Amino acid sequence: MPRRDYYAVLGVARDAPPEEIKKAFRALAMLYHPDRNPDDADAEGRFREIVEAWECLGDPEERFRYDRLGPLYRPDGKPPSPDDVTAAVQDVLGSLFRRKPPPERGEDLRYSLSLSLEEAATGTERSIEVRRQASCRRCHGNGAEPEGGTRVCDTCGGSGKSPRVRLLRPECPRCDGRGFIVVKPCTKCDGGGRVERTDSLKVRVPPGVATGQKLKLRDKGNVPRRGSGTPGDLFVLIDVQEHPLFRRRGADLFCEVPITLTEAALGADLQVPVLDGVTTIRVPAGTPSGRVLRLGGRGLPVVGGRGKRKGDLHYRVVVEVPSQLSEGDRRLLDELSERLSAGSHPERSAFRAALEQRR
């Protein structure tokens, strides 16, 4: 039995044409592909659902079977098992004894929002344009013309309930439980009850967000197809761009700082980048290549942390060896090498001593 409504998985209507289903599949598959979401179990599971829905709805014969069997459909093509039938009947019986059926809910939508590292650090407010299914204002979602577009269902008398006791379909089969029949479809939405609209929405991004996090805008998804019920939600997926200077690991930031031989040997005050500008750090004399210097609390905010706790900023100094030397430069380096005592390079001296013992 399918875990979810395949149409809801792809975010399309049940009467959507094949081209619309294919377009929705491609967009969602690119968004949730494992190569774009490494180590994200939620995205991997969502991707499998999308592929499963496409394998069914993308095949005309398989889609016909799915629409015909409903909750008894099985992707492997086998007839429903007794457990499947029992589960379907229990769901229907449960709905019969509920005092009030749950309101229909529209499909959820997803939007990918790209941020710079600086925006992710401080938080920001962005305006986004979202295409969504909104209720038709002409027919208020019922799919009929305002004047003379409907008539009372003659099968159920307007109650919306089936005149016979039915387990698998308690609502009226003629009007689908609405109590009326559309005799003149709405000229604006062609009887669908919904129209596509582009809305401008504001998204407040909290400080410290990372790639893969989701922000939920409640009731900003599609409206239900029948015009009544609860709209779906809009999930904004965060994508933080790579930075030319910083690498991120959680709330900590890492930066490689090239220094000269002279600065490493004698020590120096260096200007280095921080998220909000530039600062100065002290490189001690005799600093080897690869040493990491830390600035506490200058990283990213810790999402969900207590207070205003932040990560650290780590600078890894890398001694840059001179290249493209002139003849004068070479003479100076040779002279310096001859003038330096053996104690200036203790690690090299220890290496040579160990090497002599092996001869």
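Quick note: structure is the one above.
These remarks concern the structure in this document. (Residues numbered from 1 in each chain as written. Predicted model: local features only at pLDDT ≥ 70, side-chain atom pairs only at ≥ 80, totals over all residues. Heavy atoms only, no water.)

## A few points about the overall build of the chain
Formally: Labels follow the DSSP assignment, with helices taken as runs of H or I lasting at least four residues and strands as runs of E lasting at least two, numbered in each case from the N terminus. Residue contacts are defined here by distance: any two heavy atoms, one from each residue, within 4.5 Å place the two residues in contact. To be clear on the numbers: accessible area is Shrake-Rupley with a 1.4 Å probe, and residue cover counts the displayed protein chains and nothing else.
Of regular secondary structure, the chain possesses 9 helices and 13 strands. For the chain, contacts bridging at least 24 residues in sequence account for 62% of all contacts bridging at least 6. Counting only carbon and sulfur atoms, one obtains 50% of the accessible surface of the chain, whose full area is about 23300 Å².

## Observations concerning the sheet that holds strand E8 (residues 247-249)
To be explicit about the condition: Here, any two strands with at least 2 DSSP bridges between them count as paired. What counts as an axis is a line fitted to C-alpha atoms, over the stretch in contact for a helix, and the angles between N-to-C directions run from 0 to 180 degrees.
The mixed open sheet is built from 4 strands, whose spatial order is E8-E9-E13-E12. Across the chains shown, the open sheet's two edge strands, defined by having one partner strand only, are E8 and strand E12 (292-295). Neighbour-to-neighbour, the strand axes of this sheet turn through a mean angle of 30°, independent of strand direction. The pairing of E12 with strand E13 (residues 313-319) spans 4 bridges and is antiparallel. By the bridge assignment, arginine 294 is partnered in E13 with histidine 314.

## Focus: the pairing of strand E11 (residues 277-283)
Within a regular beta strand, the side chains point alternately toward one face of the sheet and then the other, so they alternate between its two faces. With 7 bridges connecting them, strand E10 (residues 268-274) and E11 associate as antiparallel partners. By the bridge assignment for E11, valine 274 is matched with glycine 277. Between E10 and E11, which pair antiparallel one after the other, the connecting turn spans 2 residues.

## Focus: the sheet that holds strand E1 (residues 109-115)
An order of E1-E7-E6 is seen for the 3 strands of this open sheet, with the pairing classed as mixed. Lying at the two open borders of the sheet, with one neighbouring strand each, are E1 and strand E6 (214-217). When strand polarity is set aside, the average angle formed by the axes of neighbouring strands in this sheet is 25°. One ladder, built from 4 bridges, connects E6 with strand E7 (residues 234-240); its direction is antiparallel. When the sheet's bridge partners are listed, lysine 214 is paired in E7 with leucine 237.

## Some thoughts on unusual backbone geometry
Backbone geometry at histidine 140 places phi at a positive 60°, although glycine is not the residue there. Residue placement: histidine 140 occurs in the loop between strand E2 (124-135) and strand E3 (150-152).

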